[in-house]
Amino acid sequence: MFASRHATFNHLWAALLLEELYRLGVRDVALAPGSRSAPLTMSAAAHPGLRRHVHFDERGLGFFALGLAKGSGRPVAIITTSGTAVANLWPAVAEAQLTGVPLIILSADRPPELIDNGANQAIDQQGIFARYPVYQQNLPSPTPTIAAPFVLSCVDQALAVQRRTPGVVHLNCMYPEPLYPGAEQPDFVEYLAPLGDWLTSGAPWGPWQEPPRAITPQPQWPSFSARRGLIIAGRIDDPEEADAVATLAERLGWPLIADLQSQLRFDPRALLHTDLALHDSAFRAELGRAEVLLQFGARLISKRLAHFVRDHAWQDYWLVDPQPARLDPDYRVRRRLLGSAPDFAAAHPIDHAPSGWAALAPMLTRVAAQIEQACGHFSELGVCHRLNRLIEGQLFVGNSMPARLMDMLGTPGHGPSRVMTNRGASGIDGLIASACGFAESSVLPTTLLIGDLSALHDLNSLALLTKRRSPLVLVLLNNDGGSIFNMLPVPTAEGLRESYYRLPHGLDFAHAAAMFGLNYVAPQTLEAFEQAYRSALQSGVTLIEIRVPSEGVSDELKTLGRTLHG
């Protein structure tokens, strides 16, 4: 039953907002401290059904909520105070918009009379996230002249839009003084009376009808499926959806290339080491016999694979993805289908035997042997290669070199239960916080693989790790700066690459781990790394720092590439 007594009208509206969000499926609220957001914070703290997650840094808080929404599959609400606190959510908002992650921002704001007149902690928050939210509304200051159903219907409309187009919702809440309870708690029975049975039913005020979303059968499917085809699995968050892709590839007898983000990276039905195998002209030639491409999910990590897709003369190219976005940077897709892999498979039966047209196994065996040899010593390649077969539970992979290394290197094994990345904007900020939010969605251990500059960007978020209940292992590749720039054609004259791109810092993370009370180890052999990782899976939070030379990974990848070309 919704209570009728609240501290102020601000608190009443805040309670209405949060109760309707709860009834529409929200279970987690991420909060940062602040005075202007007191009505929202107090209402969230009093709600018996909401899980609350508190952090002092709004930028980290936004990425935590992003990771939690990815892991749980539910929208996550974020409460911030006014001013630059809201602006700190911008990077997480951008990532959520690009990857279709449902976040709900409830930002507290000054009322209109305190905007643009020198009032403290006041900025123009209307439309602060530009076109990135799928829905945004500037709510008026709470007043008895606006009926209570208005508040509930705003939430209903916002989440209905979000269900059609997953992404960010922004409700800007303009609260005047008083922000805290006074001596009395007013009774709002009369004001709430028009809500009728909403007060006791537990049902939303006016939920919108869910839009039907199903892939219709494509008349060209029989001829498309009868050709020599290739299936690529890009970003797929749900392991069950990913399994439908692998099953379809198996039934068609088509090669399956699985991106690290696809949940199929460790599936025995997928080709292993495709990125590095594309160095081999014989492998490219055999794969190039494919006539049509069927892709599920977008945003591929491997640039070599993306270039192969871009340059090949496909007779037809279909892309299936539930996100209503173009997702076609090279403008090669000929048919864009909105929906999931199981929906596609259900609408497109296969009435012929598997073709099994590609003979790729001998070449992949040779590539695997070369990789095994290159990864036999302590290095970034060696650690990532070894980690592939050690992973237990969930895996979150950072951007820049970690994502590329885990995508190209692999060993057969059971693999992680789920893999997550932030590959929308592909920034190196907020990765520790995102992984911590992702870890919060499961009782399984979580492993985060991250680079040194990414860790420095998000050092504040190490505080979030101290609250973890299940094991979390942070494997930190420290090559003293941005080693990826050693792989790019950045000029080296007069120290340009070192001073303005790679940015060596000379730091290690032992003191950071100590400051936040984390277990810490810095192994120097692959055997010591394996022992440290297995121990870290048992309890607590452990930072495993891998200190390697700055030029090591780039030199080794170039050498491996030359070997595979031969």
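Calculation notes
- Starting afresh in each chain, residues are numbered from 1 along the sequence in its written order.
- Local features in this predicted model are restricted to residues of pLDDT 70 or higher, and side-chain atom pairs are both shown and tallied only at a pLDDT of 80 or more, whereas totals for entire chains, interfaces and linings draw on every residue.
- Remark: hydrogens and water are excluded; side-chain values derive from all non-hydrogen atoms of the structure.
- Where helices and strands are cited, they refer to DSSP runs of H or I of at least four residues and of E of at least two residues respectively, numbered from the N terminus.
- Among buried residues, the Ala, Val, Leu, Ile, Met, Phe, Trp, Tyr and Cys ones that are joined through side-chain atoms within 4.5 Å form a nonpolar core.
- Accessible area is worked out with a 1.4 Å probe on protein chains only. A residue is then buried under 20% of its type maximum, exposed over 50%, and partly exposed in between.
- It only takes one pair of heavy atoms within 4.5 Å for two residues to be counted as in contact.
- When DSSP finds two or more bridges between two strands, those strands count as paired.
- Each axis is a line fitted through C-alpha atoms, taken for helices only over the stretch in contact, and angles between the N-to-C directions span 0 to 180 degrees.
- Whether two aromatic rings pair depends on their centres lying within 6.5 Å, for rings of Phe, Tyr and Trp, where Trp uses its six-membered ring; planes under 30 degrees apart make the pair stacked, over 60 edge-to-face, and the rest tilted.

Sorry if this is basic, but what is going on with unusual backbone geometry here?
Here the bond from E177 into P178 is cis, since omega is 0°, no more than 30 degrees from zero. Here P178 is to be found in the loop between β6 (168-174) and α7 (189-192). One non-glycine residue, Q121, adopts positive backbone phi at about 55°. Positioned with a positive phi, S426 is a non-glycine residue whose angle comes to about 55°. Along the polypeptide, S426 turns up in the loop between β13 (419-420) and α18 (431-440).

Any chance you could explain the nonpolar core here in plain terms?
By size, the foremost hydrophobic cluster in this structure holds 90 residues, and its most contacted members are I231, L294, F296, F344, L405 and Y533. Considering every element that reaches this core, the biggest residue donor is helix α10 (residues 239-252), with seven residues. The residues touching L294, leaving out its near neighbours within four places in the chain, are W221, F224, L230, I231, I232, L248, W254, W318, V320 and F344.

Sorry, what's going on with the sheet that holds strand β4 (residues 103-109) here?
The pairing of strands in a sheet happens through backbone hydrogen bonds and is either parallel or antiparallel. Taking strand neighbours across the sheet as the criterion, the six strands line up as β2-β1-β3-β4-β6-β5 in an open arrangement whose pairing is parallel. If you trace the sheet from one side to the other, it starts and ends with β2 (51-54) and β5 (135-139), each paired once. For this sheet, the mean inter-axis angle between neighbouring strands, taken without regard to orientation, is 15°. Looking at chain direction, strand β1 (residues 28-31) and strand β3 (residues 76-80) are connected through four bridges and run parallel.

How should the packing of aromatic side chains be read in this particular structure?
One pair of aromatic rings is described through two measures. These are the centre distance and the angle between the planes. Tallied over the entire structure, the rule returns 17 aromatic pairs. For the ring pair F9 and Y191, a centre distance of 4.9 Å and an interplane angle of 80° mean the geometry is edge-to-face. Pair noted here: F9 is in helix α1 (residues 9-23) and Y191 is in helix α7, with a separation of 182 residues, a long-range link. Y191 gets classed as buried once you look at its relative accessible area, which sits at 13%. Both rings, one in W221 and one in F344, keep their centres 5.4 Å apart while their planes meet at 90°; by these two values the pair is edge-to-face.

What is the right way to look at the sheet that holds strand β8 (residues 256-258) in this model?
Taken in spatial order, the five strands line up as β8-β7-β9-β10-β11 in an open sheet, and their pairing is parallel. Whereas interior strands pair on both sides, the edge strands pair on one side only; in this sheet they are β8 and β11 (335-338). Neighbouring strand axes in the sheet, compared pairwise and without regard to direction, differ in orientation by 15° on average. Pairing of strand β7 (residues 229-233) with strand β9 (residues 292-296), which is carried by five bridges, proceeds in the parallel orientation. Bridging across to β9, A233 finds its partner in F296. Docked against the sheet, α10 engages β7, β8 and β9, running at close to 170° with respect to β7. Its contacts with the sheet place helix α13 (residues 303-311) against β7, β8, β9 and β10 (316-321), and it is angled at close to 140° to β7.

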